[in-house]
Amino acid sequence: MLKVDFRPAPHILRQFAYIAIVGVPLVALLILKLCGVFAWSHPAMLAAAGVGLVQALLFMLGVKIVTHVVYVVLMVVAMPIGFVLSHVLIAAIYYLVITPIGLIFRLVGRDAIGRKLDPKAASYWVVRGAVRAKASYFKLY
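Rules used in this analysis
- Residues numbered from 1 in each chain as written.
- Predicted model: local features only at pLDDT ≥ 70, side-chain atom pairs only at ≥ 80, totals over all residues.
- Heavy atoms only, no water.
- Helix = DSSP H or I, 4+ residues; strand = E, 2+ residues; numbered from the N terminus.
- Rg over C-alpha atoms; globule rule 2.2 N^0.38 Å.
- Buried < 20%, exposed > 50% of the residue type's maximum accessible area, 1.4 Å probe, protein only.
- Contact = heavy atoms within 4.5 Å.
- Areas by Shrake-Rupley, 256 points an atom, 1.4 Å probe, with all protein chains shown as cover.
- 1 Å grid on protein atoms, 1.4 Å probe; cavity = no way out; pocket = protein on both sides within 12 Å on 5 of 7 lines; lining within 4 Å.
- Points joined across faces, edges and corners; volume = space filled by probe spheres on them.
- Nonpolar A, V, L, I, M, F, W, Y, C, P; charged D, E, K, R; others polar.
- Axes fitted to C-alpha atoms, helices over the stretch in contact; angles between N-to-C directions.
- Parallel < 35°, antiparallel > 145°, perpendicular 65-115°, else oblique.
- Expected span 1.5 Å × (residues − 1).
- Arc of directions from axis to C-beta.

Trainee: Explain the overall build of the chain to me, please; I cannot follow it from the model alone.
Mentor: Along its length, the chain carries three helices and zero strands. Along the chain, helices (α) and strands (β) appear in the sequence α-α-α when read from the amino end. By the compact-globule yardstick of 14 Å for 141 residues, the chain is too spread out, its C-alpha radius of gyration being 28 Å. For the chain, the spread of C-alpha atoms along the principal axes amounts to about 80 × 45 × 30 Å. Put simply, the chain has 141 residues, and 15% of those count as buried. Contacts in the chain between residues at least 24 apart in sequence constitute 62% of all its contacts with a sequence separation of at least 6. Here the chain displays about 11,800 Å² of accessible surface, and carbon together with sulfur accounts for 74% of that area.

See the structure below:
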């Protein structure tokens, strides 16, 4: 199960504090763009820029609790979104890429792992080449 890190390491908070100066307003701008409003002077945009700057300034002054709270709130909001999107992407790749390839192979009759039963075969043993020396495994190229 996914877990939110409620006690991030100091270096993670430091990175977040500096990235949030630009990142929080950009996220707000993206959300406004998706809502059909594209204005740098929109109150939500100004509030996001203010939150990003204030938390970074307070972090630089030694008040790290604000950055910690903003970090945890954003992680709590982003965790379900990431969970859903990752499952949707994996399902899309499986059903839109892997499944059609498998269906094409089945229609063509490709049997890459030799699962077809052959009633005339005396054995299903596959004869391989000679045994390689152990040192050859370290010389791959």
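Trainee: Help me understand the layout of surface pockets in this model?
Mentor: Which parts of space are left empty comes out when a probe the size of a water molecule is rolled across the atoms. There is about 440 Å³ of room inside the largest pocket. Lining the largest pocket are 16 residues, and of these Val24, Val27, Ile31, Leu74 and Val77 lie nearest its centre. Mapped by element, the contributors of at least two residues to the lining of the largest pocket are helix 1 (10-34) and helix 3 (65-108). Looking at the lining of the largest pocket element by element, the count peaks at eight residues for helix 1. The class makeup of the residues in the lining of the largest pocket is 15 nonpolar, one polar and no charged. Quantified by volume, the second largest pocket comes out at close to 340 Å³. Residue lining of the second largest pocket: Gly102, Phe105, Arg106, Gly109, Arg110, Asp111, Ala112, Ile113, Arg115 and Lys116, and that is the complete set. Across the lining of the second largest pocket, the residue classes break down as three nonpolar, two polar and five charged.

Trainee: Quick question: what am I supposed to make of the packing of helix 1 against helix 3 here?
Mentor: Think of two packed helices as two axes; the pair is described by the angle between the axes and how far apart they sit. In contact at an axis separation of 10 Å, helix 1 and helix 3 are set at 75 degrees when each is read in the N-to-C sense. Taken together, the axes of helix 1 and helix 3 are roughly perpendicular relative to one another. Listed contacts from helix 3 to Ile12, Leu13, Phe16, Ala17 and Val24 of helix 1 are Thr67, His68, Val70, Tyr71 and Leu74. Each residue belonging to the contact of helix 1 with helix 3 can be placed in one class, and the counts come to eight nonpolar, two polar and no charged.

Trainee: For this particular structure, what's the right way to read helix 2 (residues 43-61)?
Mentor: Because each turn of an α-helix spans 3.6 residues, side chains separated by three or four positions end up pointing in the same direction. Between its first and last C-alpha atoms helix 2 spans 26 Å; for 19 residues at 1.5 Å apiece the expected length is 27 Å, and the two agree. Those residues of helix 2 that fall on the buried side of the exposure criterion are Met45, Ala48, Gly52, Gln55, Ala56 and Phe59. For helix 2, the angular spread of the buried residues around the axis is 110 degrees, confining them to a single face. Facing away from the buried side of helix 2, by more than 90 degrees, are the exposed residues Pro43, Leu46 and Leu61. For helix 2, the secondary structure elements touched by its buried residues are helix 1 and helix 3.

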